[in-house]
Structures are given as C-alpha cells and as structure tokens.
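# Examination of the molecular architecture
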Amino acid sequence: MAIQHYLQFTDLGADEYAYLFERAALIKKKFKAYEKHQPLADRTLAMIFEKASTRTRVSFEAGMYQLGGSVVHLTTGDSQLGRAEPIEDSAKVISRMVDLVMIRTFGQDKIARFAAHSRVPVINGLTNEFHPCQILADLFTFIEHRGQAGQASPLDCLKGRVVAWVGDGNNMANTWLQAAELLGFTVHLSTPSGYEVDQAVAGVRANHSYKVFKDPMDACHGADLVTTDVWTSMGYEAENEARRKAFADWCVDAEMMRAAKPDALFMHCLPAHRGEEVEAEVIDGPQSVVWDEAENRMHVQKALMEYLLLGRLE
Ligand code: CP
Ligand code: NVA
C-alpha cells in the first residue's frame, strides 16, 4: 500500500480535510477534559529540524506524547545530517526505526527526496516553499470561530470566504493558495514588488482562487480574515535590510482591519514582530486569534498523525 505523506497541502483531498477538522475538534475536546486519548501507544515520531522552531517542536512533541507515543528530536548540528550524510541514506535508516517523521528544512526537494526513500509517512514541518501544518491549524481556527451549528460539513464555513494576505509571497502565502483552490475560498494577495508569489512554485492555477492587489488596503477590503507573516523568513536573513525597506507599507494596522469586514479575524503564524508586519494594536486587539491559532497546531497535528498512521477512526 502506498504511504501517505503530508509534504504539501494538496497531498490530502477536501473530504480528508473535512474528516481531520472534525477529528481535531474531538481530540481537542478530550484534551480540555483531561481525557486520555492514546491511539499511538508504542509509536515513535522522529522530528528533524534544520531551522529553528518553538511552536512546531512543542506542538508535535507534546502532541505525540499525549497520543501515547514518543519522540526523537534531531537537528542538523547534532546528527550526521549536518555532516553531509546523503538524505536518501538518512531516510532509509531513520524510517526503519520510527513510525513517522516530521521534517523542517530548506528546499522542498529535500523533503521530497527523504519521503521517496522513507518506509513511513513524512510530514512537512515547514520548508522554504510550504507550511501545510500551519494552514491546517489556521483553517481549523477559522472554523472554530466562524462555523455555525447545523452546517453539514466543517468546510461549509470556508466556502466563498475572502482571506487577505498582506506581505511576503512566501511559504505561508503559497500554502494559503493551495488551500483556497482545494477548499473553495479566495485569497486577496498583496505583496511588495519583487516579492510576489510564484504561481509555479505554489502549484496553483493563475487567477483561479486568488486575486493580486498592489495596495494592501484594497486586498483587505471586504476580507473575512486578514493575515500576514514576518518580512524575512528563515533562510533569507541576508536580505533583511532590503526587505525592511521594500515591506515598509505592508504592515497590518487598524486601518486595514477597518477595510475588512466588521467581524474579520486576524491571524499570524508567529513568531511576530510588532511594528513591522503588524501593529501591536492589531495582533493584541480583539479581532486577533493568534493564541488559539498557535494552540490549535497541536490539536490538528494530533489528528493528522493519527490519520497518517491509522486512517479514519469513527
Ligand atoms: N508558526 C511556526 O511554525 O512557529 P515555529 O517556527 O515556532 O515552529
Ligand atoms: N515564513 C516564516 C514562517 C515561520 C513559522 C519562515 O519561514 O520563517
């Protein structure tokens, strides 16, 4: 049987997302009630970090323990990965000893090569191109806040919505576009010139589920959700100064939030830089759901790990 990896958002279908959102809600409810939920007893997750992390590490590690399993944590600095052992060899060895692998690395090609030689499912914990676990959490958070009782599917609440992306055409933006195309909402993209989304990298069709705006205010107009991310992603630090200048007008402020719908939410995957990509009054204001968004990483990833290893459980 083919192994189900989660390397980008399009690796799962709409039906599977509907299941995962329902399952994550159940898993979260049990967690809040201190009810044990340990379907992954005796299973091991290897986490490989080639870039820094707070949320991804804590959410996967705590989540796996809560599911009854255990975790092995590897970084480039303390494993042979940093001493040029071929990625294919690392994949063959690691995947003989664990049940699941999560990788945070640079190029998507690296995680794809690892997955091609892995005996077990591989999860993308962020690459230069994509951050699917974060969008999984963001959509779950939106559904939690805006879903209505009686909707047949959790996906109903996403259909026809407008998400304003203000900032870099980065891994988060690419993943939002994939999600929009798959789940039936629209992304209003506003990026500084030179930092646009590359449609081929994002792997989406032109103008199918996104619209490009020069002015971030126009992108926010009528949005159900306004979201942004750091101006300089990990791995691009050398461009920091040039980016500071180019992104100066791409700071989500109260005026942008007023251009959005009155009940619009604000999200940020974090870590955030107040006064750069977002003003403190927005991220710390009443429309912001960033703390739920961060917490939900753990609940959705528990549902994801369970699904990749055990399939649907009713
Ligand atoms: N949002 C996110 O992935 O955070 P970390 O870099 O802290 O893992
Ligand atoms: N775009 C950011 C997200 C951090 C969670 C980065 O890649 O650094």
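To be clear, the structure that these remarks concern was listed above.
The structure contained in this document is the topic of the report that follows. (Residues numbered from 1 in each chain as written. Chains lettered and ligands numbered in written order. Predicted model: local features only at pLDDT ≥ 70, side-chain atom pairs only at ≥ 80, totals over all residues. Heavy atoms only, no water.)

### Here we look at unusual backbone geometry
The omega angle of the peptide bond from leucine 270 to proline 271 is 5 degrees, so this bond is cis rather than trans. Counting through the fold element by element, proline 271 comes out in the loop between β9 (265-268) and α11 (280-283). Even without being a glycine, aspartate 42 presents a positive backbone phi close to 70 degrees. Within the element layout of this structure, aspartate 42 appears in the loop between α1 (14-32) and β1 (44-49). A relative accessible area of 76% places aspartate 42 in the exposed class. Residues other than glycine seldom take positive phi values, yet alanine 84 does so here, at roughly 70 degrees. Assessed through its relative accessible area of 65%, alanine 84 is described here as exposed. (Helix = DSSP H or I, 4+ residues; strand = E, 2+ residues; numbered from the N terminus. Buried < 20%, exposed > 50% of the residue type's maximum accessible area, 1.4 Å probe, protein only.)

### Here we look at the sheet that holds strand β3 (residues 100-104)
Pairing within the open sheet is parallel, and its four strands lie in the order β2-β1-β3-β4. Both outer strands of the open sheet, β2 (70-75) and β4 (122-124), are each paired with one neighbouring strand and no more. Direction aside, neighbouring strands of the sheet carry axes that sit 20 degrees apart on average. Note: β1 against β3, five bridges, orientation parallel. The partner of methionine 47 across the bridge, within β3, is methionine 102. (Pairing = 2+ DSSP bridges. Axes fitted to C-alpha atoms, helices over the stretch in contact; angles between N-to-C directions.)

### Describing helix α5 (residues 132-146)
Helix length check: α5, at 15 residues, gives a terminal C-alpha distance of 21 Å against a target of 21 Å (1.5 Å per residue), a fit within 8%. Among the 15 residues of α5, twelve are classified as buried, and the element is accordingly described as predominantly covered. (Expected span 1.5 Å × (residues − 1).)

### Thoughts on the packing of aromatic side chains
The full count for this structure, using the stated rule, is seven aromatic pairs. With a centroid separation of 4.2 Å and an interplanar angle of 5 degrees, the aromatic rings of phenylalanine 9 and tyrosine 17 are classed as stacked. With relative accessibility at 0%, the residue phenylalanine 9 sits in the buried group. What makes tyrosine 17 buried here is its relative accessible area of 0%. Consider the rings of tyrosine 19 and tyrosine 307, whose centres lie 5.7 Å apart with planes at 45 degrees: the pair is tilted. A residue pair is termed long-range when its members are at least 10 positions apart, and tyrosine 19 in helix α1 and tyrosine 307 in helix α12 (residues 290-310) qualify at 288 residues. Counting every residue linked through ring pairs, the aromatic cluster contains Phe9, Tyr17, Phe21 and Phe140. (Phe/Tyr/Trp six-rings, centres within 6.5 Å; stacked < 30°, edge-to-face > 60°.)

### Concerning the pattern of salt bridges
Note on pairing: side chains with opposite charge can pair once their charged atoms come close. Under the definition given, this model contains 16 salt bridges. One salt bridge connects aspartate 224 with lysine 261, and the closest N-O pair in it is separated by 2.9 Å. Of this pair, aspartate 224 sits in the loop between α8 (216-220) and β8 (225-228) while lysine 261 sits in the loop between α10 (254-259) and β9, placing them 37 residues apart in sequence. One continuous salt-bridge network, built from bridges that share partners, spans Arg161, Asp224 and Lys261. (Salt bridge = Lys/Arg side-chain N within 4 Å of Asp/Glu carboxyl O.)

### Description of the site of ligand 2
Lining the immediate environment of ligand 2, one finds Leu126, Asn170, Asn171, Asp229, Val230, Ser233, Met234, Cys269 and Leu270. At 2.6 Å, a side-chain N or O of aspartate 229 approaches a nitrogen atom of ligand 2. When the free accessible area of ligand 2 is taken as 270 Å², the share hidden by the protein chains comes to 95%. Of the pockets mapped on this structure, ligand 2 occupies the largest pocket. (Near = heavy atom within 4 Å. Polar contact = N/O pair within 3.5 Å; in protein donor to acceptor, adjacent residues only side chain to side chain. Areas by Shrake-Rupley, 256 points an atom, 1.4 Å probe, with all protein chains shown as cover. 1 Å grid on protein atoms, 1.4 Å probe; cavity = no way out; pocket = protein on both sides within 12 Å on 5 of 7 lines; lining within 4 Å. Sits in = over half its atoms within 2 Å of the grid points.)

### Some details on the layout of surface pockets
Regions of empty space are outlined by a rolling probe, equal in size to a water molecule, passed over the atoms. What the largest pocket holds in volume is close to 750 Å³. Forming the walls of the largest pocket are 41 residues, and the residues nearest its centre are Asp229, Val230, Thr232, Ser233 and Met234. When the residues that make up the lining of the largest pocket are grouped by side-chain class, the tally is twelve nonpolar, 16 polar and 13 charged. If you trace the second largest pocket, you find 14 residues lining it, with Phe21, Glu22, Ala25, Ile143 and Pro154 closest to the centre. The set of elements that each furnish at least two residues to the lining of the second largest pocket consists of α1 and α5. In terms of residue count, the dominant contributor to the lining of the second largest pocket is α1 (four residues). The residue makeup of the lining of the second largest pocket, split by class, is seven nonpolar, four polar and three charged. (Points joined across faces, edges and corners; volume = space filled by probe spheres on them. Nonpolar A, V, L, I, M, F, W, Y, C, P; charged D, E, K, R; others polar.)

### Observations concerning empty space enclosed by the protein
Summed over all chains, the structure comprises two cavities of 30 Å³ or more. In this model, the largest cavity occupies a volume close to 50 Å³. In terms of lining residues, the largest cavity is bounded by Ile48, Glu50, Leu81, Ile87, Ile103, Thr105, Lys110, Ile111 and Phe114. No other element matches the three residues that helix α4 (residues 108-116) contributes to the lining of the largest cavity. By residue class, the composition of the lining of the largest cavity is six nonpolar, one polar and two charged. Taken as a whole, the second largest cavity holds about 50 Å³ of empty space. Lining the second largest cavity we find Leu139, Phe142, Leu158, Arg161, Val163, Trp176, Phe185 and Leu225. Across the lining of the second largest cavity, the residue classes break down as seven nonpolar, no polar and one charged.

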